[in-house]
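Each chain, written out:
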Amino acid sequence: MNDMITKEDLRQFGLELLGNIGTLITQTKEGYGDVIDQEWIKSKQVRKLMNMSPGSVQNLRVTEKVRFKKIVGSYYYNKADLLKLFTDERSK
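Draft legend 1. Representation of the pattern of salt bridges within the structure. Counted by the stated rule, this structure contains two salt bridges. Here Arg-11 ties to Glu-8 by a salt bridge, and the two come within 2.9 Å at their closest N and O atoms. Highlighted residues: Arg-11 and Glu-8, both in helix H1 (residues 7-36), separated by three residues, approximately one helical turn. Here Arg-11 falls in the partly exposed class, since its relative accessible area comes to 45%. By relative accessible area, which is 40% here, Glu-8 ends up partly exposed. Asp-81 serves as the salt-bridge partner of Arg-67, at 2.8 Å between the closest nitrogen and oxygen. Taken together, the residues span a long stretch of sequence, with Arg-67 in the loop between helix H3 (54-62) and strand E2 (68-71) and Asp-81 in helix H4 (residues 79-91) at a distance of 14 residues.

This is the structure in structure tokens:
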């Protein structure tokens, strides 16, 4: 049972790891690409982006912590307000 790890093994592992990380980053960008360039985002996108429950998103709206619009039965939230809210919370 002489399982020696060589420099070549480590190099191959590093290349494979970098490839996997690159794939994950690409998939993440594709998953959130529709949200990145928008000023107003739908409730479902807010929940996905911020990993929140529907009740938490509703609470943000009811307490008026973020600007929102209701258009044809769908709520849209201001992305800048959401990002600012969570940035402010982290700094406390």
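Draft legend 2. Representation of the side chain of Arg-61. Within the element layout of this structure, Arg-61 appears in helix H3. Put simply, Arg-61 is tucked away with no salt bridge, and the nearest opposite charge, on Glu-64, sits 9.5 Å away. A distance of 2.7 Å separates a polar atom in the side chain of Arg-61 from a polar atom in the side chain of Tyr-77.

Draft legend 3. Expanded view of the sheet that holds strand E1 (residues 40-42). Within the open sheet, the three strands sit side by side as E1-E3-E2. Their pairing is antiparallel. A single partner strand is all that each edge strand has here, and the edge strands are E1 and E2. Strand after strand, the sheet turns through a mean of 35° between neighbouring axes, direction not considered. By the bridge criterion, four bridges tie E2 to strand E3 (residues 74-78) in an arrangement that is antiparallel. Its bridge partner being in E3, Phe-68 is matched across the sheet by Tyr-77.

Parameters and conventions
- Residues numbered from 1 in each chain as written.
- Predicted model: local features only at pLDDT ≥ 70, side-chain atom pairs only at ≥ 80, totals over all residues.
- Heavy atoms only, no water.
- Salt bridge = Lys/Arg side-chain N within 4 Å of Asp/Glu carboxyl O.
- Helix = DSSP H or I, 4+ residues; strand = E, 2+ residues; numbered from the N terminus.
- Buried < 20%, exposed > 50% of the residue type's maximum accessible area, 1.4 Å probe, protein only.
- Lys, Arg positive; Asp, Glu negative; His and termini not counted.
- Polar contact = N/O pair within 3.5 Å; in protein donor to acceptor, adjacent residues only side chain to side chain.
- Pairing = 2+ DSSP bridges.
- Axes fitted to C-alpha atoms, helices over the stretch in contact; angles between N-to-C directions.

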